[in-house]
Amino acid sequence: MRMTTFFLFGLAVHIVFFLSIFDIYFTSPLVHGMTPQVMPLAAPASRVVLLLADGLRADSLFTLLPNGSSRAPYLRSVMEKTGTWGVSHTHVPTESRPGHVALIAGFYEDVSAVAKGWKENPVEFDSVINESRHTWSWGSPDILSIFAKGASGDHIYTHSYPAQEQDYASTDASRLDTWVFTQVKLLFQSAQFNSTLKESLLEDQNLFFLHLLGIDTNGHAHRPMSKEYLDNIELVDSGVAELVSMVEAFFGNDGKTAYVFTSDHGMTNWGSHGAGHPSETLTPLVVWGAGVQKAQRPSDPQPYNDGFQQEWKLDHVRRVDVNQADIAPLMASLLGVPIPVNSVGVLPLQYLNNSDQFKAESIYSNAIQMLEQFKVKMAEKKETTLSFLFTPYQLLTESKQAEFIRHARILIQLEKYEDAISLCQSLISKVQEGLAYYHTYNRLFLGCSVVLGFVGWTSYVVLLILKTHADLRRPPGHPSQIPGHMLVRLCVCATVVITMFLLIQKSPVMYYVYCLLPVPVWYSVLKECGILVDLIRSAPSLPLWKCLGYFVLTTFGIELLVVSFFHRAVLTVGLAALSLWPILCGLYSKAKFHSASWMLGCLCLAAFPLMPVIGREANVHLVICAGALTLFTASCFLWSPRQRVPLHPGDRQQFYVQMLHVAVCACVPTLTHASLEQRQGLPLLNQVISWTTLGSSMLVPLLSSTRLFHRLLSIFLSLTSTYLLLSTGSEALFPPVLSWLMFVWINMEQEAMLSKGGSRRQELSAIDFSENIDITKIRQLKLDDIRRSYFFVFFVITAFFGTGNIASLNSFDPTSVYCFLTLFNPFIMGGLMMWKVIIPFIIVMCTFETIQVTTQLSSRSLFLVVLVVSDLMALHFFFLVKDYGSWLDIGTSISHYVIVMSMTIFLMLLSLLTHILTSRRLLLRRTRKMHFP
């Protein structure tokens, strides 16, 4: 296979592997065609007011002040006297969109839908808002549009402020909540003079949705322990008290209004959310009003061992915890509307203050509504699976479903309501298990197909390395390959059988890709299987113990890399071990200065994985220190004793300008944060400098000299300038320390080549990478190159995880982008944060390419070894993803798999580009030799 074809085929294979994880684990849970279930009894409430304090933590609301008073006195009195309270447990990812969907629609939105946008619904779903007669909503345009767009009818009225108001640099973000409360007052005041509006408000099954964003915005900008965040809670509490008084007065104290106060997610101490920390997943829930059970003293010990009741001084009031999706059926039951058809929430009966008959009928409707989903999912799987292969969920066969329903109805008719409730809750539990069963029905089948392709691809790359770089003995006259025509026939038969099987099952298009991909992959493997036969024949002549030692060392090294994804401290252990390399390989006695620099660089870099992953306090003064360290490092590189090739005046001027630029960028974060703390907003000059630096970071190095050292230094200065603007603390020191170690690594590899009998050492400042490559200098792969490839993968992972855990959403501190923008824009902010993560990776990539040039090894050869290492890691993470365990555990393994696959795809693209450029240079050189002998 030609190398260009190999790269293109490998790229396609890895893209398929990358996409497969989403089709296997992130498919939409929604199905359509269910009939809404109407509860036959009259609803206790004519209207529900949903008050949603975005980003409010449970402990921030419930914890008393040091003097024993509450910062939310009105809600505290409701909890202790007139309502029921508890903790609402959210699901990962703890972001605004999935949280609101769970609260109002009753299901946990799949991650792929979340990634498709905030303002549009990538999937159609039912919600309490959609089922209501009228809904008035106020708040953020990003949230209100989720439920207004795509809803049936024209009964939803949204009132939102401009998106520009969501500014983290705002003088007071609580004004967003003040705006909401003011608009609600204006609505009821205008109803006094608008008979049509008043008539609509007086109808039943109405929902009022107040989205209060101020707490979340203040938490991001100032942290949840700040005065701004806590004062905003007090403002919301007083606003709720005033709102309740106004609503009750408007409706004549008819006792037909129910109130639900909760939050979509919490927030970490460092002002972020997205992962599964308790501060993010524990949110408050307070419900009171029509049809709601009043506060009761617990008769038995409460079934919660977390100690929160005692900590919050609420152990004298009954606590009722719920899952976030349970709030949707609770609101539907209070309003008397059908539970959203896609809801997986379970009606929390302890919140209801109604007859046993009402509770039994409500939970019965809840069970039938969920059973409808189960039936649709079962029918879909049955329709797309061959009858003799279909395995139904045994606990809910059609006969058992009918038996459950019949028995429940009889119990309700006999007025045995407690037994009916117990039976319906048992049915709901089985339905939830059944829904999960059918939702994951094809995971094993798809997983086996992907693993088969993965193993085949890795085997093929290993065989290609052996074929290209191993001197294997092949006895003459002994064919060691399977005949080509037999392989072709075998692959054609396999393709036809798989295609027919998928056609009969009416499988989606991507299933064909996942199932047919192993065919060409294993065709390539079997075509080269003779190499494996030759290896077996050559085994007696190989240094067995040495090969076994390398195998054990490689296996241990890969496991070390895998464990480092879960425990960053392992990187510190690895760097400490790498620091001993010059001593173990005998380089210390031959190159003491570089060896000592290597050991010191490894130990300095080893400190970063031990620093806090998240939650560190911002210290912009360290950014200035990082800028000074960058300038010192660049000065040492420029005026190094080994820098024997003089700089061109133009290059010298460019480096001086870049160093001055670094100094400016080191000061911008300090000036920006000082301005924000003084409530003066983001200075325009700082914003212009930041965006200009970002735009020029990849263009300025192209203007530098084509000599290796000069180009590397220019890239380092340019990227570090951007990194400083995106830093808020100690992580700013990471790029200069990493770059120092990378420069030493290049020199150490040159020393290693000399110790192995290589050619004379070339100075980096004398190597011009733009010159034509001399093909005669490209050597064969050696065992020492496996170490170089492993070092590269290790440093890439260190670059990713050295300053944080990018697999965790709450690792991202939004304050790191304040030099660029303060207005809420998740896509631009996310892009800037990801660019910050990629910058150290680019530094390591450039270093590895330099090592390839200085060690005179084909980049293709080194890449093949790196590819095997990264693919083995990805395969390891693929096996770590289980169908059981918490979503946080599954999501962590999936995110690690995605990171490794993204890294591999990026490497393949870079290697393909390098191969194309190299081939073009060689072609030009041959052409010149033909014309000018």
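These numbers come from a predicted model, not from an experiment.

Chemist: I would appreciate a short explanation of the overall build of the chain in the present structure.
Modeler: What the chain contains, in helices and strands, is 35 helices and eight strands. Expressed as a percentage of its 933 residues, the buried residues of the chain come to 55%. Counting contacts in the chain only where the partners sit at least 6 residues apart, residues at least 24 apart contribute 80% of the total. Here the chain has roughly 39600 Å² of accessible surface; of this, 63% comes from carbon and sulfur atoms.

Chemist: Just to check I follow, could you spell out the side chain of Gln369 for this structure?
Modeler: Summarising the element assignment, Gln369 is placed in helix H15 (residues 356-383). Residue Gln369 is classed as buried on the basis of its relative accessible area of 3%. Look past the residues within four positions of Gln369 in its chain and what remains in contact with it is Gln37, Ile339, Pro340, Val341, Asn342 and Ser343.

Chemist: Can you help me understand the environment of Thr798 in this one?
Modeler: Looking at the secondary structure, you find Thr798 in helix H32 (residues 783-801). Placed 233 residues apart in sequence, Thr798 and Phe565 show a C-alpha to C-alpha distance of 9.7 Å. Excluding anything up to four places from it in sequence, Thr798 contacts Leu571, Leu575, Leu605 and Phe734.

Chemist: Is there a simple way to explain the sheet that holds strand E4 (residues 156-160) in this structure?
Modeler: Read across the open sheet, the eight strands follow the order E4-E3-E5-E1-E6-E7-E2-E8; overall the sheet is mixed. On the outer flanks of this sheet lie E4 and strand E8 (322-323), each paired with one strand and no other. Pairing analysis gives seven bridges linking strand E2 (residues 83-89) to strand E7 (residues 282-289), with the strands arranged antiparallel. In the strand pairing of E7, Val87 is matched with Pro284. Here helix H11 (residues 227-250) sits on the sheet in contact with strand E1 (47-53), strand E5 (206-212), strand E6 (257-262) and E7, set at roughly 170° to E6. Those strands touched by helix H14 (residues 327-335) are E1, E2, E5, E6, E7 and E8, and its axis lies near 155° from that of E1.

Chemist: How should I be thinking about the nonpolar core in this particular structure?
Modeler: Counting 125 residues, the largest nonpolar core has Phe6, Trp598, Phe792, Phe795 and Met873 as its most contacted members. Among the elements that take part in this core, helix H33 (residues 826-854) stands out by supplying 14 residues, more than any other. Counting residues in hydrophobic clusters, the runner-up holds 70 residues, among them Leu30, Ile143, Ile421 and Val431.

Chemist: Could you clarify how one ought to interpret a nonpolar patch on the surface in this entry?
Modeler: A cluster of nonpolar side chains, namely Val488, Val492, Val496, Met500 and Leu503, defines an oily patch on the protein surface of about 430 Å² accessible area. Within the secondary structure, Val488 is located in helix H19 (residues 484-504).

Chemist: It is not clear to me how the packing of aromatic side chains should be interpreted in this structure. Could you clarify?
Modeler: By convention here, two paired aromatic rings are described through the distance between centres and the angle between planes. One pass over the full model with this rule turns up 43 aromatic pairs. Their ring planes at 20° and their centres at 5.5 Å tell us that Phe800 and Phe841 sit as a pair that is stacked. On the criterion of sequence distance, the pair formed by Phe800 in helix H32 and Phe841 in helix H33 is long-range, its members being 41 residues apart. When sorted by exposure, Phe800 lands in the same class as Phe841, which is buried. Among the aromatic residues, ring-to-ring pairing joins Trp136, Tyr157, Phe188, Phe208, Phe250 and Phe251 into one connected group. Sitting above the plane of the Phe791 ring, Arg787 keeps its charged end 5.1 Å from the centroid.

Chemist: How should I be thinking about H11 in this particular structure?
Modeler: Two residues of an α-helix separated by three or four positions point the same way, owing to the 3.6 residues in each turn. For H11, spanning 24 residues, the distance from its first C-alpha to its last is 34 Å, which sits close to the expected 34 Å at 1.5 Å a residue. Directly beyond the C-terminal end of H11, a positive phi value near 65° is found at Gly252.

Chemist: Teacher, can you tell me more about the pairing of E7 here?
Modeler: A regular strand places its side chains on the two faces of the sheet in alternate fashion. Buried residues dominate E7, accounting for seven of its eight residues. With five bridges joining them, E6 and E7 adopt antiparallel strand pairing. Within the sheet, the bridge partner assigned to Thr262 lies in E7 and is Leu285.

Chemist: Is there a simple way to explain the packing of helix H31 (residues 734-755) against H32 in this structure?
Modeler: When two helices pack together, their arrangement is given by the angle between the helix axes and the distance between those axes. Contact geometry of H31 with H32 gives a least axis separation of 12 Å together with a crossing angle of 180°. Relative to H32, the element H31 lies roughly antiparallel. Contacts from Phe734, Leu738, Leu741, Met742, Trp745, Glu749, Ala752 and Met753 in H31 reach Arg787, Arg788, Phe791, Phe792, Phe795, Thr798 and Ala799 in H32. Its residues assigned to classes, the contact of H31 with H32 shows 11 nonpolar, one polar and three charged.

Chemist: What am I meant to see in the pattern of salt bridges here?
Modeler: When their charged atoms lie close together, side chains carrying opposite charge are able to pair. Applying the stated criterion across every chain, the model contains 15 salt bridges. Note that Lys185 is salt-bridged to Glu242, the shortest N-O span being 2.5 Å. One end of the pair, Lys185, is in helix H8 (residues 175-191); the other, Glu242, is in helix H11, with 57 residues separating them in the sequence. On the accessibility criterion, Glu242 (44% relative accessible area) is partly exposed. Salt bridges linked by common partners bring Asp306, Arg319 and Asp321 together as one network.

Chemist: I'm lost on the side chain of Asp54 in this one. Help?
Modeler: On the secondary structure map, Asp54 appears in the loop between E1 and helix H2 (58-62). We note that Asp54 is buried and unpaired, the nearest opposite charge coming from Arg97 at a distance of 12 Å. Looking at Asp54, its side chain comes within polar contact range of the side chain of His211, at 2.9 Å. Once residues lying within four places of it in the same chain are set aside, the contact partners of Asp54 are Ser96, His100, His211, Leu212, Leu213, Ile215, Asp216, Ser263, Asp264 and His265.

Chemist: Just to check I follow, could you spell out the confidence of the model for the chain for this structure?
Modeler: Low-pLDDT portions of the prediction should not be read for the details of their coordinates. Looking at the chain as a whole, the pLDDT averages 84, with 86% of positions reaching at least 70. Mean pLDDT in the chain bottoms out at helix H5 (residues 111-114), which sits at 52, and peaks at E6, which reaches 98. Contacts of residues 114-123 to residues separated by more than four positions or lying in other chains number 28 contacts, the stretch itself having pLDDT below 50. Within the model, pLDDT remains below 50 along residues 928-933, and this stretch shows one contact once partners closer than five positions in the same chain are excluded.

Chemist: Would you mind showing me how to read the packing of H8 against H11 here?
Modeler: Contact geometry of H8 with H11 gives a least axis separation of 10 Å together with a crossing angle of 10°. The angle between the axes of H8 and H11 places the two elements in the roughly parallel class. Residue-level contacts link Asp177, Thr178, Phe181, Val184, Lys185, Phe188 and Ala191 of H8 to Asn232, Leu235, Val236, Gly239, Val240, Glu242, Leu243, Met246, Val247 and Phe250 of H11. A class-by-class count of the residues in the contact of H8 with H11 yields 11 nonpolar, three polar and three charged.

Cut-offs applied
Numbers given to residues run from 1 along each chain, matching the order in which its sequence is written. Predicted model: local features are reported for residues with pLDDT of at least 70 only, side-chain atom pairs are reported and counted for 80 or more only, and whole-chain, interface and lining totals are derived from all residues. The side-chain numbers reported here are obtained from all heavy atoms of the structure, hydrogens and water having been left aside. Per the convention used, a helix needs a DSSP run of H or I reaching at least four residues, while a strand needs a run of E reaching at least two, with both numbered from the N terminus. When accessible area is computed with a 1.4 Å probe and restricted to protein chains, residues below 20% of their type maximum are described as buried, those above 50% as exposed, and intermediate ones as partly exposed. By definition in these notes, contact holds between two residues if any of their heavy atoms fall within 4.5 Å. Note that accessible areas follow from Shrake-Rupley with a 1.4 Å probe, and for residues the cover is restricted to the protein chains shown. Pairs of strands are assigned from DSSP output, requiring at least two bridges between the strands. Under this scheme, a helix contributes an axis fitted over its contacting stretch, all axes are lines through C-alpha atoms, and angles between N-to-C directions fall in the 0 to 180 degree range. Think of a nonpolar core as a cluster: buried Ala, Val, Leu, Ile, Met, Phe, Trp, Tyr and Cys residues, connected wherever their side-chain atoms sit within 4.5 Å. Exposure above 30% relative accessible area and the absence of a salt bridge qualify a residue for a patch, where like charges join within 9 Å and nonpolar side chains (Val, Leu, Ile, Met, Phe, Trp, Tyr) within 5 Å. Only one rule defines a salt bridge in this text: a Lys or Arg side-chain nitrogen within 4 Å of an Asp or Glu carboxyl oxygen. For this analysis, a ring pair means two rings from Phe, Tyr or Trp (six-membered ring only for Trp) whose centres lie within 6.5 Å, classed as stacked if their planes differ by under 30 degrees, edge-to-face if by over 60, and tilted for the remaining angles. Look at NZ for Lys and CZ for Arg. If either is within 6 Å of the ring centre and within 35 degrees of the ring normal, a charge sits over the ring. One less than the residue count of a helix, multiplied by 1.5 Å, gives the span that helix is expected to have. Any angle between 65 and 115 degrees counts as roughly perpendicular, while under 35 counts as roughly parallel, over 145 as roughly antiparallel, and the rest as oblique. Polar here means any residue other than Ala, Val, Leu, Ile, Met, Phe, Trp, Tyr, Cys and Pro, which are nonpolar, and Asp, Glu, Lys and Arg, which are charged; Gly is therefore polar. Counting rule applied: Lys, Arg positive; Asp, Glu negative; His and chain ends not counted. In protein, a polar contact means a hydrogen-donor-capable atom and an acceptor-capable atom, both N or O and within 3.5 Å, with residues adjacent in sequence counting only if both atoms are side-chain atoms; elsewhere, any N or O pair within 3.5 Å suffices. pLDDT measures how confident the predictor is about each residue, on a scale from 0 to 100.

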